[in-house]
Amino acid sequence: ERAPSWRTAHRVLGIPARLAQETVRTFKRLQRRRAREGEMARRVSVKVLFKDVLWAEDGAQFGRIAGEPFLAEVLRDVATTKTLAVTTGPAPTGDDITALLHCMKSDRGTLPLVLGVDNGGAQKSNDVSRYCEREKVIVLRNHPRTPQHNAFVERAIRELKEESGLGSGTPLRDEAEGTERLQAAWRRLDNLHERPRHGYKTAAAVDAAAVLSLQGGIHVV
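Nothing here was measured: the structure is a model prediction, and the numbers come from that model.

(A) Expanded view of the packing of aromatic side chains. The full count for this structure, using the stated rule, is zero aromatic pairs. Sitting over the ring of F62, K161 keeps its end group 5.6 Å from the ring centre.

Quick look at the structure:
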């Protein structure tokens, strides 16, 4: 049930305005707590056991060049946490996304069983849909305005920002500077950062050793 305004409570209940305000604030806090508890009760976690079962892709702003946004697209293998690609440039088109996937197929020798993406125009384009259908890749889209559904790549983006010192408002001289800083951060994260979840191995080491499996590779609990 929606909380009434304090003015309504003041008028209907005939209580002082300050008491009405405090009462409505308390009611709203209880509503938010119940909503959080309900969300936690319904929440599931996803653990991907093998590489190339689920890749996650998304874009973000990593700075500004003469007032214009500096953008990058990030692609990560969820099981190994290895960042597979970081591309910079204008906001991508559907053709850009399919070109990225095609390059990764050539480089990695395969495409994922599942591709996790958001609801951006490029990701929802017919180019991407047709390409994934042809290559038998399942497209897993976020619910609108729910970045938690693609938390794997959101974490990759956050790590890249922290490692590179870049953020949405960081001033950059040109695209070359932003790209160089991102590429350096990407190399360090994959090759030097020992991750507790991998037994203190790097993402690159885990990815190199992981066995490819396209069946039974996702557990939902």
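(B) Inspection of the nonpolar core at higher detail. In this structure, V48, F62, F70, V74, V86, L160 and L182 are the most contacted members of the largest nonpolar core, which totals 24 residues. Secondary-structure elements contributing two or more residues to this core are strand 2 (54–65), strand 3 (68–77), helix 5 (151–164) and helix 6 (175–191). Membership of the second largest hydrophobic core comes to 16 residues, among which are L101, M104, V117 and C132.

(C) Structural view of helix 6. The end-to-end C-alpha separation of helix 6 is 24 Å, in line with the 24 Å expected for 17 residues at 1.5 Å each. Among all positions in helix 6, only E177, G178, T179, L182, A184, A185, W186, L189 and D190 are buried. The N-capping residue of helix 6, defined by a side-chain oxygen 3.3 Å from the backbone nitrogen of A176, is D174.

(D) Geometry of unusual backbone geometry. The residue A66 is not glycine, and still its phi comes out positive at about 50°. Along the chain, the position of A66 falls in the loop between strand 2 and strand 3. Unlike most non-glycine residues, T81 shows phi in positive territory, near 60°. Structurally, T81 can be placed in the loop between strand 3 and strand 4 (83–88). Judged by relative accessible area, which is 5%, T81 ranks as buried.

(E) Structural detail: the layout of surface pockets. There is about 190 Å³ of room inside the second largest pocket. Considering the residues around the second largest pocket, the lining is formed by 14 residues, among which E73, T87, T88, P92 and D96 are closest to the centre. Of all the secondary-structure elements, those providing two or more residues to the lining of the second largest pocket are strand 3, strand 4 and helix 3 (94–108). A total of five residues in the lining of the second largest pocket trace back to one element, the largest contributor, which is helix 3. Of the residues assigned to the lining of the second largest pocket, the class counts are nine nonpolar, three polar and two charged.

Parameters and conventions
Residues numbered from 1 in each chain as written. Predicted model: local features only at pLDDT ≥ 70, side-chain atom pairs only at ≥ 80, totals over all residues. Heavy atoms only, no water. Phe/Tyr/Trp six-rings, centres within 6.5 Å; stacked < 30°, edge-to-face > 60°. Lys NZ or Arg CZ within 6 Å of the ring centre and 35° of its normal. Core = buried A, V, L, I, M, F, W, Y, C linked by side-chain atoms within 4.5 Å. Buried < 20%, exposed > 50% of the residue type's maximum accessible area, 1.4 Å probe, protein only. Helix = DSSP H or I, 4+ residues; strand = E, 2+ residues; numbered from the N terminus. Expected span 1.5 Å × (residues − 1). Polar contact = N/O pair within 3.5 Å; in protein donor to acceptor, adjacent residues only side chain to side chain. 1 Å grid on protein atoms, 1.4 Å probe; cavity = no way out; pocket = protein on both sides within 12 Å on 5 of 7 lines; lining within 4 Å. Points joined across faces, edges and corners; volume = space filled by probe spheres on them. Nonpolar A, V, L, I, M, F, W, Y, C, P; charged D, E, K, R; others polar.

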